[in-house]
Amino acid sequence: MNTQTSSLTIGAVAKRVGVAIDTIRYYEREGLLPEPQRRASGYRSYGDSTVAQLRFIRRAKDLGFTLEEIRELLALSADRQRGVKAVKQRAEKRLAAIEQRIVELQRVRDGLAQLVASCPGHGRPEECPILRALGDEQVSA
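We now turn to the structure provided with this report. (Residues numbered from 1 in each chain as written. Predicted model: local features only at pLDDT ≥ 70, side-chain atom pairs only at ≥ 80, totals over all residues. Heavy atoms only, no water.)

Remarks on the pattern of salt bridges
Counted only if it meets this: Salt bridges are counted wherever a side-chain nitrogen of Lys or Arg sits within 4 Å of a carboxyl oxygen of Asp or Glu. Every helix listed is a DSSP run of H or I at least four residues long, and every strand listed is a run of E at least two residues long, numbered separately from the N terminus. Think of it in three bands: with a 1.4 Å probe and only protein chains considered, a residue is buried below 20% of the maximum accessible area for its type, exposed above 50%, and partly exposed in between.
Under the defined criterion, the tally for this structure stands at 12 salt bridges. In this structure, Arg25 and Asp22 form a salt bridge, with 3.4 Å as the shortest nitrogen-oxygen distance. Here the residue Arg25 and the residue Asp22 both occupy positions in helix α2 (residues 21-29), the gap between them amounting to three residues, near one helical turn. For the salt bridge of Arg71 with Glu30, the shortest nitrogen-to-oxygen distance reads 3.9 Å. Here Arg71, found in helix α4 (residues 67-76), pairs with Glu30, found in the loop between α2 and β1 (37-38); they are 41 residues apart in sequence, far enough to count as distant. With a relative accessible area of 27%, Arg71 lands in the partly exposed category. Connected via shared salt-bridge partners are Glu30, Glu68 and Arg71.

Take a look at the structure:
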């Protein structure tokens, strides 16, 4: 994914993809992006393939994939033998984790809604059901 079809600065790439320059440098250090070519001046030079790869990373992050999972997806995208099947398996695993997180968040929401409903919104702090629940040793959230 590193064929250079145009010569872009790191700032131009960041602007095209909508990420910070430091994010690009971080992805390079983490091995998600290949080391860029350098101009005679020493400045980094990027091609359209880097823009495409950054968009891939950004969209995968938006879907909840971790950087390690994104690294695997990038490797699988070049795997002609098992790539698509393995990508689907990774996506199914991510989906299951998201669904579990939704269940957890709904439980937290319901617990907080009960606390909010039981609080009159006035009176002494030590009588506040929210503060009492937060201070209890036994938390049932």
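Description of the packing of helix α3 (residues 48-62) against α4
Relative placement of two packed helices is described by the angle separating their axes and the distance separating the axes. Counted only if it meets this: Fitted lines through C-alpha atoms give the axes, limited to the stretch in contact for helices. The angle between two N-to-C directions lies from 0 to 180 degrees. If an angle is under 35 degrees, it is roughly parallel; if it is over 145, roughly antiparallel; if it lies from 65 to 115, roughly perpendicular; otherwise it is oblique. The crossing is said to be left-handed when, going from far helix to near helix, the turn is anticlockwise and less than a right angle, and right-handed when the turn is clockwise. Should any heavy atoms of two residues lie within 4.5 Å, those residues are counted as being in contact. Nonpolar residues are Ala, Val, Leu, Ile, Met, Phe, Trp, Tyr, Cys and Pro. Charged residues are Asp, Glu, Lys and Arg, and all others, Gly as well, are polar.
The N-to-C vectors of α3 and α4 enclose an angle of 135°; their axes lie 10 Å apart at closest approach. By the criterion of interaxial angle, the relationship of α3 to α4 is oblique. Crossing of α3 against α4: the hand is right-handed. Touching Gln53, Phe56, Ile57, Ala60 and Lys61 of α3 are Leu67, Ile70, Leu73 and Leu74, all from α4. In terms of residue class, the contact of α3 with α4 is made up of seven nonpolar, one polar and one charged.

Some words on the nonpolar core
Across soluble globular proteins, you tend to see nonpolar side chains buried next to one another. Operational definition: Here the nonpolar core consists of buried residues drawn from Ala, Val, Leu, Ile, Met, Phe, Trp, Tyr and Cys, with membership extended through side-chain atoms lying within 4.5 Å.
Val13, Ile24, Tyr27, Leu32, Leu54, Ile57 and Ile70 are the most contacted members of the largest nonpolar core, which has 20 residues in total. Elements supplying a minimum of two residues to this core: α1 (10-17), α2, α3 and α4.

A word on the environment of Ser118
So the rule is basically this: Pairing of N or O atoms within 3.5 Å defines a polar contact, subject to two protein rules: one partner must be a possible hydrogen donor and the other a possible acceptor, and residues neighboring in sequence count only if both atoms are side-chain atoms.
Mapped onto the fold, Ser118 is located in helix α5 (residues 83-118). As for Ser118 and Pro129, which are separated by 11 residues in sequence, their C-alpha atoms are 6.6 Å apart. Of the polar contacts made by the side chain of Ser118, one reaches the backbone oxygen of Leu115; its length is 2.9 Å.

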